[in-house]
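# Close look at the chain arrangement
Take a look at the letters that make up each chain.
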Amino acid sequence: MKANQERIEKHIKALSKFTATPGQGTTRMTYSAQDLQARNYIKEQMKEYGLQVREDGLGNIFGKLEGENKDAPSVIVGSHFDSVPNGGDYDGPAGVVAGLEVAALFQENQIKPTYPLEVIAMIEEEGSRFGGGLMGSRGIVGYLQKEEIAQIKDKNEVSVPDAMRMIDLDPSLEVKRDPETIKAFLEMHIEQGPILEEEQISVGVVESIVGLTQLDVTITGKAGHAGTTPMNRRSDALVAAANIISKLPQIAIEEGEGTVTTVGKHEVFPNGANVIPDKVVFSVDIRSSKEMHVKNVIKKVKDLIVSYETDDIQTTVEQPLYMQPKELNQEIRSILKASCERLDISFLTMHSGAGHDAMVLSDITDVGLIFVPSKDGLSHCPEEWTAIPDLANGVEVLYETALKLTEES
Ligand code: HGY
Ligand code: MN
Ligand code: MN
């Protein structure tokens, strides 16, 4: 069954317009005006494809095609629709569009599945507004309780529930899903790396996903006048932070086996050119395919940070996110490979260095994740791009797999 490339292109182009930084990539923060535009578009398309639409207590969007067996668990297909700042048009939306196109193909072919099909568009996978990340899927799995969600605030101290209410979402609705209501979760995502393009392979069947954590580090010192404070009387928070940050790459290199550390966010306070900084807040993203490396690096980073404490330099470290490395379901991987073979679509098996909602949902259901090629391996930047025919290949593999998983076994 061929996917409709015009529909796929229409969705990608439509969603790419919902950005706060037109001409400078996709910036779509959760519960922002751009989120609302994208949300309305996605819900409209879900209704067009005959799905029953609902939003949960975090604003995750679900579109359901009932199955012959009403109470049967659903096969869910989708991804996230938020973005990093100045990101690309495909990270997340490729998977949401894949879900929409699978639903359109079910409708076009009048498929009446035994098990229900659900299309999902999840919020705050990137963590760009509220930190941490994987928020929509962590809510569904039950890793984020209502009380905890109510405490999560953005940098302007706006809480998740308040931000939701600003776009008429209802934070009182349930988020946690009973695992018995889900038969499987399938996600298509851009590879965000160079392998598929270099190997000229159409689809990556993901076998494992990297373990990752995010640390939020705060260094506090003493503000002072840049001109009148002698060098030996300073407690400069930024100098301490810079010394710490400069040592992080070597910690990852020494840990080895592909371990990586990244400082992506960094804020200086009060941020005046002639003021000695009294506070610095920065993020440390740590990843490895082996959990022991992640744990080792967390300890080394925390020890390094504490080693810079003095009477006037204090540090705190918070850990808003920790995910163990994940091995994805063998049986679904086999079905995905068989779908590729049946469709004569080339594939290879891969490890994912990026985190995905699939890694969270794999804790409560069987999960399959496929990649499609990224031009020049680029992602999390405006240059991110994937050819429509490449997206269509992935959709066709998901459609075949969803057909098999939703039929009477
Ligand atoms: O950071 C990641 O790996 C994903 O893009 N959220
Ligand atoms: Mn991303
Ligand atoms: Mn993503």
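For the protein, the helix and strand inventory stands at 12 helices and 16 strands. Here the protein has a C-alpha radius of gyration of 22 Å; the compact-globule value for 409 residues is 22 Å, and the two agree. With 409 residues in all, the protein has 56% of them scored as buried. The contacts of the protein with a sequence gap of at least 6 include a subset with a gap of at least 24, amounting to 79%. Accessible surface, the protein: about 17300 Å² in total, of which carbon and sulfur atoms supply 49%. Both charge centroids of the protein, one from 40 positive and one from 64 negative side chains, sit 3 Å from each other.

Moving on to the coordination of the manganese ion (ligand 2). Around the manganese ion (ligand 2), the protein contributes the donor atoms D91 (OD), E126 (OE), E126 (OE) and H380 (NE2), which lie 2.1 to 2.7 Å from the metal centre. Along the chain, the residues donating to the manganese ion (ligand 2) fall in the pattern D-x34-E-x253-H. The metal-metal distance between the manganese ion (ligand 2) and the manganese ion (ligand 3) is 3.4 Å, with D91 serving as a donor to both. Of this pair, D91 sits in the loop between β3 (74-80) and α3 (93-108) while E126 sits in the loop between β4 (117-122) and α4 (135-141), and the two are 35 residues apart along the sequence. For the pair D91 and E126, one class covers both residues: buried.

All right, on to the domain arrangement of the protein then. For the protein, the assigned domains are domain 1 (5-210 + 325-407) and domain 2 (211-323). With 15 residues of domain 1 at the interface, the matching set in domain 2 holds 11 residues. Around 1000 Å² of area is buried between domain 1 and domain 2 when both sides are counted, 64% of it from carbon and sulfur atoms. Taken as a group, G132, V210 and P325 account for 49% of the area that domain 1 buries against domain 2, more than any other trio of residues on that side.

Applying the stated criterion across every chain, the model contains 3 aromatic pairs. For the pair F18 and Y41, a centre-to-centre distance of 6.3 Å together with 55 degrees between the ring planes defines the contact as tilted. Of this pair, F18 sits in the loop between α1 (5-16) and α2 (33-48) while Y41 sits in helix α2, and the two are 23 residues apart along the sequence. Take Y41: its relative accessible area is 11%, and that puts it in the buried class. If you follow R54 out to its NZ or CZ, it ends over the ring of F62, 4.1 Å from the centre.

Taken together, E125, E126, R287, A354, G355 and H380 are the residues near ligand 1. Residue E126 places a side-chain N or O atom 3.0 Å away from a nitrogen atom belonging to ligand 1. Within the contact set of ligand 1, an oxygen atom lies 2.7 Å away from a side-chain nitrogen or oxygen of R287. Expressed as a share of its isolated accessible area of 210 Å², the protein-covered part of ligand 1 is 87%. Looking at the shell around ligand 1 residue by residue, the class counts come to 1 nonpolar, 2 polar and 3 charged.

So, on to the pairing of strand β15 (residues 347-352). Every second residue of β15 is oriented toward a common face, the buried set being L348, M350 and S352 and the non-buried set F347, T349 and H351. Judged from the 6 bridges that link them, strand β6 (residues 203-209) and β15 form a sheet pairing that is parallel. In the strand pairing of β15, V205 is matched with T349.

I8, Y31, V160, M188, L391 and L398 are the most contacted members of the largest nonpolar core, which has 68 residues in total. Broken down by element, the residue count for this core peaks at 10 residues, all from α3. Leave out the neighbours within four places in its chain, and I8 touches A3, V97, E101, I388, L391, A392 and V395. Membership of the second largest hydrophobic core comes to 28 residues, among which are I209, M323, M359 and I364.

Looking now at the coordination of the manganese ion (ligand 3). Coordination of the manganese ion (ligand 3) by the protein is provided by H80 (NE2), D91 (OD) and H189 (NE2), with metal-donor distances spanning 2.1 to 2.2 Å. The sequence motif formed by the donor residues of the manganese ion (ligand 3) is H-x10-D-x97-H.

So, on to the environment of L196. Within the secondary structure, L196 sits in helix α7 (residues 195-199). For L196, a relative accessible area of 1% corresponds to the buried category. In sequence terms L196 and K375 are 179 residues apart; their C-alpha atoms lie 9.4 Å from each other. Sequence-distant contacts of L196, defined by excluding residues within four places in its chain, comprise E191, I201, S202, V203, G204, L348, M350, F371, V372 and P373.

Turning our attention to the environment of K13. As for its position among the elements, K13 is in helix α1. Sequence separation between K13 and D89 is 76 residues; the distance between their C-alpha atoms is 8.1 Å.

Another point: the pattern of salt bridges. Tallying each qualifying case throughout the model produces 21 salt bridges. Linking R333 and E207 is a salt bridge whose minimum nitrogen-to-oxygen distance equals 3.3 Å. In this pair, R333 is assigned in helix α10 (residues 330-343) and E207 in strand β6, connecting sequence segments 126 residues apart. Taking the relative accessible area as the measure of exposure, R333 reaches 6% and is therefore buried. You can call E207 partly exposed: its relative accessible area is 26%. In the salt-bridge network here, residues are joined through shared partners; they are D35, R39, K43 and E55.

Cut-off values and rules
Residues numbered from 1 in each chain as written. Chains lettered and ligands numbered in written order. Predicted model: local features only at pLDDT ≥ 70, side-chain atom pairs only at ≥ 80, totals over all residues. Heavy atoms only, no water. Helix = DSSP H or I, 4+ residues; strand = E, 2+ residues; numbered from the N terminus. Rg over C-alpha atoms; globule rule 2.2 N^0.38 Å. Buried < 20%, exposed > 50% of the residue type's maximum accessible area, 1.4 Å probe, protein only. Contact = heavy atoms within 4.5 Å. Areas by Shrake-Rupley, 256 points an atom, 1.4 Å probe, with all protein chains shown as cover. Lys, Arg positive; Asp, Glu negative; His and termini not counted. Charge placed at Lys NZ, Arg CZ, Asp CG, Glu CD. Donors = N, O, S within 2.8 Å, 3.2 Å for Na, K, Ca; no water. Domains from an automatic or database assignment. Buried area = accessible area lost by both parts, 1.4 Å probe. Phe/Tyr/Trp six-rings, centres within 6.5 Å; stacked < 30°, edge-to-face > 60°. Lys NZ or Arg CZ within 6 Å of the ring centre and 35° of its normal. Near = heavy atom within 4 Å. Polar contact = N/O pair within 3.5 Å; in protein donor to acceptor, adjacent residues only side chain to side chain. Nonpolar A, V, L, I, M, F, W, Y, C, P; charged D, E, K, R; others polar. Pairing = 2+ DSSP bridges. Core = buried A, V, L, I, M, F, W, Y, C linked by side-chain atoms within 4.5 Å. Salt bridge = Lys/Arg side-chain N within 4 Å of Asp/Glu carboxyl O.

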